[in-house]
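Spelled out from the first residue to the last, the chains are:
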Amino acid sequence: MLVMLREVQIPLLSAMLLGGCATKLARVIRVGSVDAGLGPTALFPMRLRRPVAMAMCALECGLGLGLIATAGQIGRGAPAFSVRLGAGLLFLVATSALIELRASRPDIGCGCFGDFSQAPVGWRTLSRSALLALAALSTLGLAPLQPPHSKAAAALLLGVLAAELAVVAGLSPELGEALVKLGYSEPCELRVVPSERSVTALRRSKQWRRHAGLLTADVPVDMWRELCWRYLVFPGQYGDRETGEREAEVVFAVFLRLRRPLIHAALVDAATGNPVQWPAAPKRAHFLSRVFRSFRLIRLIRAALLQERVRPPGQLPAEPDEPAPETGAQRSAAFY
Amino acid sequence: MLKARGERGCCDRCAGGTGTAGAARIARRRLLKDAVFRPPAALTPEPSDWFAPPADIRAGVAAGVGRGGETAQETAPLPRAVTGTVLDVSPQVLIIGDPGGRPGSEQRFALTSDATAWRGAQLEATELHEGDRAVVRLHPTRRGVADRIWANIGRVTGTIIEHTSEFMVVDEGVTRPRQIVVIPPRAAGRIQVRFPTLQPGYLIDIIGLRGPAALEGLIPATSQPAYPAGRLPEAPLVSGHVPDAISGSATWHEPAGEPPGVLGVAYPALDPATGCVEDTARGHCRGYARMPYLAVGSVLLVRNDCNGASCALPVTGCAAVARLFNDRCVTCGTSPRGRVADLTEASFVALGGELDRGCFNATITIGR
């Protein structure tokens, strides 16, 4: 059992080291600089931070790969011993550095896993580092790893690995941060929504179709955002011949959501800035009347198609100056 | 980026947009927004009062706070701030005005034994010189009595571009000229304690005496962030809705390009779609604090947590440099990290801030 526990440490340590190196590299790529690293590098003078960060990352990568390479028969003996001793020393030094960091810069994260390690160094981070140092030192003198001899041994090995992973996860503040980032949805007040998107959504909306007749330009004269709403102002006109046409502004407020945003609209007098009533829309026909008209329209289209079929190929339709006798169906078409 | 008709592509405003045209536009936006939503008038001051200086105060002599009546002012009468040039000073009277202004345009303020002044250090009000540029905070209850006077105060907040043994060149954003800061030997130690990395790319925030060509840096306004300006750490994520009230540090800036005495606030999170015309030369897009996006003309209720004074102020610009700081204000207690408002001189003084301290703990509420 004890040997099994020691054997589990090799892949675990390797995964931790390679994971740390990968997340640090990801941060460097994202930020675009090596000296942007977090953690104990802040304890060094400015000119040394970059080389220390690079050396740290290279060391983690080298030891992680070395642990895997020397786990079996290939690196048995001195190479395996050196790599495991190196890993143990690295974690011991890291523990000491984190204690120092906690005392001198309590606001800084450990930087062990790049962007995920921004929480200030606490007892969990320190315990994890000490545990990993102990784990690395426990592998000194371990014989080359062998595949498990039976299913029961394999299951036990996996169980031990899972238990230790659970302990390490419990000691990792990064896990909570990673889960938060995975399931994070930005509030609408902080969401970046391009203005083009709002305009496109507006032009597809019912509100736009309803009020487009009032607009005199399709480019907004003003546009701004406040919290979850983007406001677009279009020039327009309202009134009729009797009361006289007046300059107006149509204001649309588009909710900043990516799909089917809620839209409000208001009509404002351009001179006074006061809201005015929307002009009355043409009265819509009754539902039954609309159904009846639809049937008549279908009959009309059928009649037109039949006429097209009966006409011999090459024969042109009647000239406009020679009007054909008007039928009832054509009168309906004109109506529609 | 979609452009509104007749607009500059980069932004929905230009430098100096806080002038008459800018104020009119801001007022118009409030009207149009109200037309859509008709919100309760709790946080919405009368548009004409946002920028309206008193009729007796002209350009060069500045405006007061709270003329909008109850809607623009949430609390007891705020002390008024007046800026101008010292024309004369005697043990009893301080005369402020514009040296080129017409006769009769100057203002007289009584000096009491309680009145204090600052010009690089605390001094008696009678030690002010003719020609000093002064910011005067009036007594909160006795109009016409000077309570506190700052003479020739200046502030440089930005990214160090160049540093020699004699001076520093600082970038404060593209709408402001590069600033030259000279640190005298007597202040060097004090400044280096708070700003240990005086290297290009790092942030600096120094208060001092404004000279014709350079600022004589005397007081560190904050502690230097540990990161270079281009490497902002990420702020904690915000889940759910952003809270109505956000606390942090409120700072002030010099009125470069703004009308003197204008009341307003530069806000660190303007809509990215409109951009930030005041951005620094390196163009850092996102600030430290995660704050809801607003536009020029949005109204904030800014509260000074140290004395309880509060006032509704319009957003007049983007705090291109202030948003890069993740510092705390420790004027009264320790504020949360990040600058939530960069006030104009007049607004800062009117809310009870001490210019030579650099900040006050503030809570902002966004007018919804």
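Cut-off values and rules
Residues numbered from 1 in each chain as written. Chains lettered and ligands numbered in written order. Predicted model: local features only at pLDDT ≥ 70, side-chain atom pairs only at ≥ 80, totals over all residues. Helix = DSSP H or I, 4+ residues; strand = E, 2+ residues; numbered from the N terminus. Contact = placed C-beta atoms within 7 Å. Buried ≥ 20, exposed ≤ 12 C-beta atoms within 10 Å, placed from the backbone. Nonpolar A, V, L, I, M, F, W, Y, C, P; charged D, E, K, R; others polar. Pairing = 2+ DSSP bridges. Axes fitted to C-alpha atoms, helices over the stretch in contact; angles between N-to-C directions. Parallel < 35°, antiparallel > 145°, perpendicular 65-115°, else oblique. Left-handed = near helix turned anticlockwise from the far one by under 90°. pLDDT = per-residue confidence, 0-100. Expected span 1.5 Å × (residues − 1). Core = buried A, V, L, I, M, F, W, Y, C linked by C-beta atoms within 7 Å.

**Observations regarding the overall build of chain A**
- Helix and strand counts for chain A come out as 10 helices and 5 strands.
- Nonlocal contacts in chain A, meaning residues at least 24 apart in sequence, comprise 61% of its contacts between residues at least 6 apart.

**Points about the overall build of chain B**
- Of the regular secondary structure elements, chain B holds 3 helices and 17 strands.
- Burial statistics for chain B: of 368 residues in total, 51% are counted as buried.
- Within chain B, contacts between residues at least 6 apart in sequence are counted, and of these 69% link residues at least 24 apart.

**Regarding the environment of Thr274 of chain B**
- Topologically, Thr274 of chain B is positioned in the loop between β13 (265-267) and β14 (299-304).
- Separated by 22 residues in the primary sequence, Thr274 of chain B and Val296 of chain B place their C-alpha atoms 9.8 Å from one another.

**Points about the interface of chain B and chain A**
- With 36 residues of chain B at the interface, the matching set in chain A holds 37 residues.
- Among the elements that make up the side of chain B that touches chain A, the one with the highest residue count is helix α1 (residues 20-37) of chain B (7 residues).
- Taken together, the residues of the side of chain B that touches chain A sort by class into 19 nonpolar, 7 polar and 10 charged.

**Some points on the sheet that holds β14 of chain B**
All names here are of chain B.
- If you trace the 6 strands once around the closed barrel, you get β12-β16-β13-β15-β14-β17, paired in mixed fashion. Averaged over all pairs of adjacent strands, the angle between their axes in this sheet comes to 45 degrees, without regard to strand direction.
- Relative to strand β17 (residues 359-366), β14 runs antiparallel, the two being bridged by 5 bridges. Bridge pairing in β17 links Val302 to Ile364.

**Observations regarding the packing of helix α3 (residues 78-104) of chain A against helix α4 (residues 123-138) of chain A**
All names here are of chain A.
- Running from N to C, α3 and α4 cross one another at 160 degrees; their axes reach a closest spacing of 8 Å. The pairing of α3 with α4 is recorded here as roughly antiparallel in orientation. Crossing of α3 against α4: the hand is left-handed. Between α3 and α4, the contacting residues are Arg84, Ala87, Gly88, Phe91, Leu92, Ala94, Thr95, Leu98 and Ile99 on the first element and Thr125, Leu126, Ser129, Ala130, Leu132, Ala133, Ala136 and Leu137 on the second.

**Focus on the confidence of the model for chain A**
- Averaged over chain A, the pLDDT score is 79; the fraction of residues at 70 or greater is 83%.
- Averaged over each element, pLDDT in chain A is lowest for helix α10 (residues 328-335) of chain A (32) and highest for α4 of chain A (92).

**Some words on the sheet that holds strand β3 (residues 246-255) of chain A**
All names here are of chain A.
- One open sheet accounts for 5 strands, arranged β1-β2-β3-β4-β5; its pairing is antiparallel. Edge strands, defined here as strands with exactly one partner in the open sheet, are β1 (222-226) and β5 (275-276).
- Sheet topology note: the β3/strand β4 (residues 263-269) ladder contains 7 bridges and is antiparallel. Residue Ala253 lies in a different strand from β4, and its bridge partner there is His264.
- Helix α7 (residues 195-203) rests against β1, β2 (229-238), β3 and β4 of the sheet, and its axis sits at about 50 degrees to β2.

**Let's talk about the environment of Gln9 of chain A**
Residues and elements named next belong to chain A.
- With respect to the secondary-structure elements, Gln9 resides in helix α1 (residues 2-31).
- Gln9 gets classed as buried once you count the C-beta atoms within 10 Å, which come to 23.
- Sequence separation of Gln9 and Leu137 is 128 residues, and the distance between their C-alpha atoms is 9.7 Å.
- When sequence neighbours within four positions are dropped, the list of residues in contact with Gln9 reads Ala135, Ala136, Ser138 and Thr139.

**Side note on the pairing of strand β7 (residues 153-163) of chain B**
- Counting buried residues along β7 of chain B, 8 of its 11 residues qualify, which places the element largely inside the surrounding structure.
- In this structure, the hairpin formed by β7 of chain B and strand β8 (residues 168-171) of chain B is closed by a connection of 4 residues.

**Looking at the packing of helix α2 (residues 46-69) of chain A against α3 of chain A**
Residues and elements named next belong to chain A.
- At a minimum axis separation of 9 Å, α2 and α3 run at an interaxial angle of 140 degrees. Viewed along their axes, α2 and α3 adopt a mutual orientation that is oblique. Every pair of crossing elements has a handedness; the one defined by α2 and α3 is left-handed. Note on element contacts: α3 touches α2 through Val83, Gly86, Ala87 and Leu90, opposite Leu59, Leu63, Gly66 and Leu67.
- Looking at the contact of α2 with α3, its residues break down into 6 nonpolar, 2 polar and no charged.

**Observations regarding helix α5 (residues 151-170) of chain A**
- The terminal C-alpha atoms of α5 of chain A, which comprises 20 residues, lie 28 Å apart, in line with the 28 Å expected from a rise of 1.5 Å per residue.
- The element α5 of chain A is largely exposed, with a buried count of 0 among its 20 residues.

**Describing the nonpolar core**
- Ranked by internal contacts, the top residues of the largest apolar core, which has 119 residues, are Val251 of chain A together with Ile149, Tyr267, Leu300, Val302 and Ala341 of chain B.
- Take this core: its biggest share by element is 6 residues, from β3 of chain A.
- When sequence neighbours within four positions are dropped, the list of residues in contact with Val251 of chain A reads Tyr231, Val233, Ala265, Ala266 and Val268 of chain A together with Leu32, Ala35 and Val36 of chain B.

**Side note on unusual backbone geometry**
- If you check the backbone angles, Leu227 of chain A has positive phi at about 55 degrees while not being a glycine.
- One can find Leu227 of chain A in the loop between β1 and β2.
- The phi dihedral of Asn152 of chain B falls on the positive side, at around 55 degrees, and the residue is not glycine.
- Along the chain, Asn152 of chain B falls in the loop between β6 (145-151) and β7.
- For Asn152 of chain B, a count of 21 C-beta atoms within 10 Å translates into the label buried.

**Observations regarding the pairing of strand β15 (residues 310-318) of chain B**
Residues and elements named next belong to chain B.
- A large share of β15 lies buried, amounting to 9 of its 9 residues.
- For β13 and β15, the ladder comprises 3 bridges, and the chain directions are parallel. Of the residues in β15, the one forming a bridge with Val265 is Val315.
- With 5 bridges connecting them, β14 and β15 associate as antiparallel partners. Counted as the bridge partner of Arg303 is Ser310 from β15.
- Where β14 folds back on β15, the antiparallel hairpin that results is connected by 5 residues, among which Gly308 adopts a positive phi of roughly 85 degrees.

**Quick word on the environment of Val28 of chain A**
- Counting through the fold element by element, Val28 of chain A comes out in helix α1.
- For the pair formed by Val28 of chain A and Gly114 of chain A, sequence separation is 86 residues and the distance between their alpha carbons is 8.5 Å.

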